[in-house]
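# Overview (structure and organization)
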Amino acid sequence: MEKPVLSLIIPTYNERENLPILVKRIHEVLRDYCSYEIIVVDDNSPDETWKVAEELSVYYPVKVVKREGKLGLSSAVIEGFKHASGEFLGVMDADLQHPPEILPNLIEEAKNGKDIVVASRYAKGGKIENWGFKRKVVSKGARFLTKVLVPQARGIKDPLSGYFIIRRDVVEGVELNPVGYKILLEILVKGNYENVSEVPFTFGTRGMGKSKLNLGEYANFLRHLYRLSETVGEVMKLVRYMVISVLALFVNMFFFFILTNYSSLNYIYSSILSLEAMILFSFALSEIWVLKGEQVKRPTNAVLRALKYNAFCFGGILINIGVLCLFTNVFDVYYFVSNFFGSIGAVIWNYAMNIWLTWKTK
Ligand code: GDD
Ligand code: MN
């Protein structure tokens, strides 16, 4: 057979009822659109999905890769890549939650030069059907955590999608970690690519059978996330910001102590000056210790940068002064103690701002 345009990898574990329906639907969609092959990677499903796949291969361009046991979703996809000969590689679930009807849209984007095309539940127009409150919260939480820890996921609305298409050289020669469920995230961190695009879709209701996502997979996910974050140096960056924040708190309190005790300024002015000292201190430290050598979009002039940083920290100043006045005047708290609580508020604000600032890091 000539090299097809698309190799579609479908990992399966106990999907015997869903697979024939899916394959038929894929064929309906693609037969007049482009050449394709389907690669079913089955982990010796107890319900003999692999047998069903072999039967399908008589009528459809289906290749079956049967592995000896349940080795996981990501590793199944990686195995599928090895057997794929298409110009583009696609990945989709077998349980009918990923509608094949949008495949032409995905392929179109890829043909237009996008290296990675994500079928996205969270892009504008995308949806999730029939998810309970808990699964929604877990999904959004996982997505947020991913964006905090993995910079490569930040520009993407659905970095945890299981439905996507890539150009084959995105992963060619790249060593991918086969642990867990989130193979797309792995590709986003390690793959060779320049642009990503997202096509919205509705994540449907599962066909027959049960989801294989269990507690163990959640643990795997966290481990995977941590490892990726460490690889790209993001964990250390977050830790450095934490250290800077704690030191900043000390700087603030130290200046406040000196000014209130040894100058004639009242405590509000003292606090403003201490805050400025703290801001300049954390600015300098994050410049030399965290952002050094990084390509953040920011002014080249250091004074301008410091001013911009001040603007970023303005919310922190308001929080600190607000808490200081409120606690001291209304609740009669000793002003030094009030300022301590105010500073904590400011430091938390500044920490969040720092992270937000580096989110813009490319
Ligand atoms: N070969 C193989 N081995 N296939 C597996 C394994 C495995 O160990 N575990 C799961 N699969 C197959 C399933 O048979 C199905 O075709 C597909 O992988 C997805 O499994 P589900 O169990 O249906 O996962 P899900 O619906 O909870 O999760 C999906 O949606 C998530 C988005 O919330 C996946 O696409 C995830 O990658 C995605 O993040
Ligand atoms: Mn599913």
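Quick look at the structure, then. (Residues numbered from 1 in each chain as written. Chains lettered and ligands numbered in written order. Predicted model: local features only at pLDDT ≥ 70, side-chain atom pairs only at ≥ 80, totals over all residues. Heavy atoms only, no water.)

## Some thoughts on the site of ligand 1
Surveying the vicinity of ligand 1 reveals 27 residues, the closest of which are E15, D93, L160, K182 and K212. One nitrogen or oxygen atom from the side chain of K70 is found 3.2 Å from an oxygen atom belonging to ligand 1. Backbone polar atom of L160 to an oxygen atom of ligand 1: 2.6 Å apart, as the coordinates give it. In isolation ligand 1 has 750 Å² of accessible area, and contact with the protein removes 98% of it. If you list the elements that add at least two residues to the shell around ligand 1, you get β1 (6–12) and α3 (73–83). For the shell around ligand 1, the per-class residue count stands at 11 nonpolar, 6 polar and 10 charged. (Near = heavy atom within 4 Å. Polar contact = N/O pair within 3.5 Å; in protein donor to acceptor, adjacent residues only side chain to side chain. Areas by Shrake-Rupley, 256 points an atom, 1.4 Å probe, with all protein chains shown as cover. Helix = DSSP H or I, 4+ residues; strand = E, 2+ residues; numbered from the N terminus. Nonpolar A, V, L, I, M, F, W, Y, C, P; charged D, E, K, R; others polar.)

## What to know about the packing of aromatic side chains
What the rule picks out here adds up to 13 aromatic pairs. A centroid spacing of 6.0 Å and a plane angle of 25° characterise the contact between F256 and F336, whose relative ring orientation is stacked. Linking F256 in helix α8 (residues 234–262) with F336 in helix α12 (residues 335–359), this pair joins segments that are 80 residues apart in sequence. By relative accessible area, F256 is classed as buried at 0%. Note on Y267 and Y335: the rings are 5.8 Å apart at their centroids and 35° apart in plane angle, and the pair reads as tilted. Separated by 68 residues along the polypeptide, Y267 in helix α9 (residues 267–289) and Y335 in helix α12 bring together distant segments of the chain. Each residue in the set F256, F257, Y267, Y334, Y335 and F336 is aromatic and connected to the rest through ring pairs, giving one cluster. Taking the ring centre of W50 as reference, the NZ or CZ of K66 above it sits at 3.6 Å. In this structure, R143 is placed above the aromatic ring of Y122, and the distance from its NZ or CZ to the ring centre is 4.4 Å. (Phe/Tyr/Trp six-rings, centres within 6.5 Å; stacked < 30°, edge-to-face > 60°. Buried < 20%, exposed > 50% of the residue type's maximum accessible area, 1.4 Å probe, protein only. Lys NZ or Arg CZ within 6 Å of the ring centre and 35° of its normal.)

## Focus on the nonpolar core
With 38 residues, the main nonpolar core has L6, I10, I26, L30, L103 and L106 as its most contacted residues. When residues of this core are traced back to their parent elements, those giving at least two are β1, α1 (18–30), β2 (36–42), α2 (49–56), α4 (103–111) and β5 (116–120). Setting aside chain neighbours within four positions, we find L30 in contact with L6, Y36, L103 and I107. In this structure, I78, V91, I166 and I187 belong to the second largest nonpolar core, which totals 24 residues. (Core = buried A, V, L, I, M, F, W, Y, C linked by side-chain atoms within 4.5 Å. Contact = heavy atoms within 4.5 Å.)

## Description of the coordination of the manganese ion (ligand 2)
Around the manganese ion (ligand 2), the protein contributes the donor atoms D95 (OD) and Q97 (OE1), which lie 1.9 to 2.0 Å from the metal centre. Like D95, the residue Q97 is buried in the burial classification. (Donors = N, O, S within 2.8 Å, 3.2 Å for Na, K, Ca; no water.)

## Overview of the sheet that holds β1
Where strands meet in a sheet, backbone hydrogen bonds hold them as pairs that are either parallel or antiparallel. One open sheet accounts for 7 strands, arranged β3-β2-β1-β4-β7-β5-β8; its pairing is mixed. Each of the sheet's edge strands pairs with one partner strand only, and the pair in question is β3 (62–66) and β8 (196–200). Strand-to-strand twist in this sheet, taken as the mean axis angle between neighbours without regard to direction, amounts to 20°. Docked against the sheet, α4 engages β1, β4 (88–91), β5, β7 (164–167) and β8, running at close to 150° with respect to β5. (Pairing = 2+ DSSP bridges. Axes fitted to C-alpha atoms, helices over the stretch in contact; angles between N-to-C directions.)

## Topic: a nonpolar patch on the surface
Taken together, the side chains of M236, V239, V243, L247, I288 and W289 define a hydrophobic patch exposed on the protein surface, amounting to about 520 Å² of accessible area. Elements that contribute at least two residues to the nonpolar patch include exactly α8 and α9. If you tally residues by element for the nonpolar patch, the top one is α8, at 4 residues. Structurally, the position occupied by V243 is in helix α8. Residue class for V243 comes out partly exposed when judged on its relative accessible area of 34%. (Patch = residues over 30% accessible without salt bridge, like charges linked within 9 Å, V, L, I, M, F, W, Y side chains within 5 Å. Salt bridge = Lys/Arg side-chain N within 4 Å of Asp/Glu carboxyl O.)

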